[in-house]
Each structure stands twice: as structure tokens, then as C-alpha cells.
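Examining the three-dimensional arrangement
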Amino acid sequence: MVPFIALIGGFAALRLLGLAGVDMLDGWQPALRGALALMLVFTGVPHFLPSWRRDFVAMIPPVFPRPALLVTLTGVLELAGAAGLLLAPIAPYAAVGLALLMIAMFPANVSAARRGLTLAGKPVTPLPARTALQVLLVAAAVAAAV
């Protein structure tokens, strides 16, 4: 649930900063983009930490070749997307790309839940909660794009 907490908590904190007079955060969309970027740092960095990386590799459905490469690619894309969200001219494109990436990564979450895998020693989020979270994340990315 770290992604959910980072997104909601980050949005609330950044929106409050905007309301307190930080011009660049004065609006729901800049706060949302910042919160998404924060969430993506929390989810992207572990792709490169050995213990987490092993778990992410295990999450990739067996039908996909080179799971370690896919984990590296998704980690790079998450971090690049986070940076893109913070650059106003490209933020809408980054947000659309991230929405598509989240949709593309969802089968790994489904596979992990169905196979009862763990992530950092804890069971992965059950499929109903993960599906709801994924819908929220994709919706947030789409909202950040418009």
C-alpha cells in the first residue's frame, strides 16, 4: 500500500503547499503530478535493489522472456516518467506514457497475486485491492495528463 500512501499523502501535502503560497503547486494538477512523481520514485527505485529485484523478476508471468530485463526497463521508465511529470512542457506526455505503462505492468501484479508471491517478504497485495489501486493510479495519470 506504499504507492497509495505516497500518492494520497503526497497529493495532500503538495496541495497544502500550493494553498500556502507555493506558486508552482497552486492547483490540483501540479500537486497531482508531484504526488505521482513521488509515488513513482517509491516504486521505481526498488527495481534496482537486489532483494526487491528478485521478487519483481519472480512476478513477471512466465510467458514473457527476459524478466530481469523487463524489471530494469520498467524501473527506468517509472523513474524517467517521474522526472517527466516535473517538467511542465512534457508532463502531459509523461503522464499518458505512465498510464500506458501501468496498464502494461498489471499482468505481472495479477500473476503475482494468483501465484501467492511475496514482495520484500510480505504477501503481494490481493487481487481485488490491487485492481482498485491500479484503476486509481491509471486514473491519476490520466488526470495529470489533461
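For the structure itself, look to the data block above.
What this report covers is the structure whose coordinates are included nearby. Everything quoted here is computed from the prediction, not taken from an experiment. (Residues numbered from 1 in each chain as written. Predicted model: local features only at pLDDT ≥ 70, side-chain atom pairs only at ≥ 80, totals over all residues. Heavy atoms only, no water.)

With 19 residues, helix H6 (residues 127–145) should reach 27 Å at 1.5 Å per residue; the first-to-last C-alpha distance of 27 Å fits that figure. Along H6, the residues classified as buried are Arg130, Leu133, Gln134, Leu137, Val138, Ala140, Ala141, Ala144 and Ala145. Buried residues of H6 fall within an arc of 155° about the axis and therefore sit on the same side. Residues of H6 that are exposed and point over 90 degrees away from its buried face: Pro128 and Val135. On its buried face, H6 is in contact with helix H1 (2–19), helix H2 (28–44) and helix H5 (91–114). (Helix = DSSP H or I, 4+ residues; strand = E, 2+ residues; numbered from the N terminus. Expected span 1.5 Å × (residues − 1). Buried < 20%, exposed > 50% of the residue type's maximum accessible area, 1.4 Å probe, protein only. Arc of directions from axis to C-beta. Contact = heavy atoms within 4.5 Å.)

All right, on to a nonpolar patch on the surface then. Where nonpolar side chains cluster on the molecular surface, the patch consists of Met1, Phe4, Ile5, Ile8 and Leu136 and spans about 440 Å² of accessible area. At 3 residues, the largest contribution of residues to the nonpolar patch is made by H1. For Phe4, a relative accessible area of 35% gives the class partly exposed. (Patch = residues over 30% accessible without salt bridge, like charges linked within 9 Å, V, L, I, M, F, W, Y side chains within 5 Å. Areas by Shrake-Rupley, 256 points an atom, 1.4 Å probe, with all protein chains shown as cover. Salt bridge = Lys/Arg side-chain N within 4 Å of Asp/Glu carboxyl O.)

Between helix H3 (residues 50–59) and helix H4 (residues 67–85), the shortest axis-to-axis distance is 9 Å and the interhelical angle comes to 115°. On the basis of their axis angle, the class for H3 and H4 is roughly perpendicular. The hand of the H3/H4 crossing is right-handed. Contact with H3, carried on its side by Arg53, Phe56 and Val57, involves Pro67, Ala68, Val71 and Thr72 of H4 and no other residues of that element. Residue composition of the contact of H3 with H4, by class: 5 nonpolar, 1 polar and 1 charged. (Axes fitted to C-alpha atoms, helices over the stretch in contact; angles between N-to-C directions. Parallel < 35°, antiparallel > 145°, perpendicular 65-115°, else oblique. Left-handed = near helix turned anticlockwise from the far one by under 90°. Nonpolar A, V, L, I, M, F, W, Y, C, P; charged D, E, K, R; others polar.)

Moving on, we come to H3. When we look at burial in H3, the residues that qualify are Asp55, Phe56 and Met59. One face of H3 carries all of its buried residues, which in axial projection span an arc of 100°. Opposite the buried face of H3, by more than 90 degrees, sit the exposed residues Pro50 and Arg54. For H3, the secondary structure elements touched by its buried residues are H2, H4, H5 and strand E1 (118–119).

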